[in-house]
Amino acid sequence: MRLRLALASALLASQAAAHDGGAPIGGEEPIEHIHLTDEIWDLLLPQAKASADITVQGDSRRIHANGYPNKPPGKFPNRNNPHAIAKKNYNLKVPLNPQKTAEPRDAQGSVFGIAINGVVMDPGTAEFWQNDRRSGWNYEALGGACKLGLDKYNAHVQPNGTYHYHGIPTGVVSDTGGRSVPAMIGYAADGFPIYGQYGYSDPAGKSPVKKLKSSYRIKNGNRPDGPGGRYNGKFTQDWAYVNGAGDLDRCNGRFAATPEYPDGTYHYVLTDTFPFIPRCWMGNPDQSFTRLKGRGQRRGEPLPESNAPDHDFAAVGDLDAAPLIKVQGGPPPRLRPGGPPPQRGQRGPRQQRGGPGGRAPCSGS
């Protein structure tokens, strides 16, 4: 019998954003459907709705999915996203029993995981200040500066037709009763499960549910170069991890009991503030993910002990830093334009053009 997955897992590493490069995504091949018994399915994930096939083979879980959501997506193409959705043939796998590594592994710019409906989670973007990747200032999809044509499920489409999430997949969460219980909504590339933003208030066992908070905060002060102006959350590099500031660790995860794991498990949590979808893995992502990386990109590398990787999620000790900006579930963030004016003869960010998309979809600082 063909099973409609309720939790898929893992996935590809590609640039994330509606305006990513158009190179085809790897990990796709004709699906050889594998059938599971009801007993195995119930063991993996009882009461799960899904649109992907999953099987256990040895020490791995294999996932076959077409990347198309089970709820009608937004209209694509649209004014800010000119791409049409194309169904995929994902053939991916993740560890059945994932293990944490000594150091987190960098997932920035990679596909982090896959939702239970077979749609991938790809939080980063390919948009940079003045269209210059070398600037080091990467726009956040939900930071308020970019118009990327996201639908109501926080998803949009890459040039190669990949429909993918940049934030909480609200449709999946609603299907799983995400406010009344910790809702398991997918798997990361390293095999650890992914949950919605609500979890047990007592990590040790079943208890009242609360909204879990990220431990990232906006940095104090001004940007030293690039767009200039005060840090305000528009760029990935505006954020810093503050140990103990929230409920979650650097990779937006925690060890806690869940309905599927009453004795507790390490798992990732999607939040409505940065990082939205985690930017690092606590385990080793499977090669079926890492081989999907863009040509010349290094994905899944261990993060340095200094906690200051390329994307500058620097650890800071100032618990009085500026508060997190709320992007969902409240008023839109108050973002200041800031930044030095362009020099004579130089176009500012709003006028800068470049790349196949023409005018940059992001502006200001």
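Residues numbered from 1 in each chain as written. Predicted model: local features only at pLDDT ≥ 70, side-chain atom pairs only at ≥ 80, totals over all residues. Heavy atoms only, no water.

Novice: Just checking my understanding: could you explain the pairing of strand β1 (residues 52-57) for this structure?
Specialist: Regular strands have side chains that alternate between both faces of the sheet. Bridge analysis of β1 against strand β2 (residues 60-65) gives six bridges, and the strand direction is antiparallel. Bridge pairing links Q57 to S60 in β2. The antiparallel pairing of β1 with β2 creates a hairpin that spans two residues between the two strands, and G58 there sits at a positive phi of about 60°. (Pairing = 2+ DSSP bridges. Helix = DSSP H or I, 4+ residues; strand = E, 2+ residues; numbered from the N terminus.)

Novice: Explain the nonpolar core here, please?
Specialist: If you look at soluble globular proteins, the nonpolar side chains tend to sit buried side by side. If you look at the biggest cluster of nonpolar residues, it comprises 40 residues, and the most contacted ones within it are F112, Y165, I194 and Y268. Grouped together as the second largest cluster of nonpolar side chains are 17 residues, W129, A145, Y216 and C362 included. (Core = buried A, V, L, I, M, F, W, Y, C linked by side-chain atoms within 4.5 Å. Buried < 20%, exposed > 50% of the residue type's maximum accessible area, 1.4 Å probe, protein only.)

Novice: Would you explain the sheet that holds β2 in this entry?
Specialist: Strand pairing in a sheet relies on backbone hydrogen bonds, with the paired strands running either antiparallel or parallel. Spatially, three strands are ordered β1-β2-β3 in an open sheet, and the strand pairing comes out antiparallel. On the outer flanks of this sheet lie β1 and β3 (90-95), each paired with one strand and no other. Mean inter-strand twist for the sheet, computed between neighbouring axes without regard to direction, equals 20°. (Axes fitted to C-alpha atoms, helices over the stretch in contact; angles between N-to-C directions.)

Novice: For this particular structure, what's the right way to read the side chain of S214?
Specialist: Note on placement: S214 falls in the loop between β12 (209-211) and β13 (216-218). A distance of 3.0 Å separates a polar atom in the side chain of S214 from the backbone nitrogen of Y216. (Polar contact = N/O pair within 3.5 Å; in protein donor to acceptor, adjacent residues only side chain to side chain.)

Novice: Explain the environment of D59 to me, please; I cannot follow it from the model alone.
Specialist: Mapped onto the elements, D59 comes out in the loop between β1 and β2. Note: C-alpha distance between D59 and K93 (34 residues apart in sequence) is 9.9 Å. Leaving out residues up to four positions away in the same chain, D59 has contacts with V94, P95 and L96. (Contact = heavy atoms within 4.5 Å.)

Novice: Can you walk me through the environment of G177 in this structure?
Specialist: Mapped onto the elements of the fold, G177 is located in the loop between α2 (170-175) and β9 (184-188). For the pair G177 and G196, spaced 19 residues apart in the sequence, the C-alpha separation amounts to 9.8 Å.

Novice: Honestly, the state of the cysteines in this entry has me stumped. Any pointers?
Specialist: Under the counting rule described, the total for this entry stands at one disulfide. Paired by a disulfide, C251 and C280 hold their sulfur atoms 2.0 Å apart. Handedness of the C251-C280 disulfide follows from its S-S torsion of about -120°: it is left-handed. You can see C251 sitting in the loop between β14 (239-241) and β15 (253-256) and its partner C280 sitting in strand β17 (residues 280-283), a full 29 residues away along the chain. Each member of the pair, C251 together with C280, is buried. (Disulfide = S-S within 2.5 Å.)

Novice: When you look at the pairing of β9 in this model, what are you seeing that I'm missing?
Specialist: Most of β9 sits out of view: five of its five residues are buried. Relative to β9, strand β5 (residues 113-115) runs antiparallel, the two being bridged by three bridges. Following the sheet pairing, G113 is matched in β9 by A188. With three bridges joining them, β9 and strand β10 (residues 193-195) adopt antiparallel strand pairing. What sits directly across from G186, in β10, is I194. Taken together, β9 and the strand that follows it, β10, pair antiparallel across an intervening segment of four residues, in which G191 is found at a positive phi of about 100°.

Novice: Can you help me understand the packing of aromatic side chains in this one?
Specialist: By convention here, two paired aromatic rings are described through the distance between centres and the angle between planes. A full pass over the atoms with the stated rule returns 13 aromatic pairs. Residues F112 and Y268 carry aromatic rings whose centres are separated by 4.9 Å and whose planes lie at 80° to one another, so their mutual orientation is edge-to-face. Highlighted residues: F112 in the loop between β4 (100-106) and β5 and Y268 in strand β16 (residues 265-269), separated in sequence by 156 residues. Given the relative accessible area of 0%, F112 is considered buried. The structure contains a cluster of three or more aromatic residues connected by ring pairs, namely F112, F192, Y266, Y268 and W281. (Phe/Tyr/Trp six-rings, centres within 6.5 Å; stacked < 30°, edge-to-face > 60°.)

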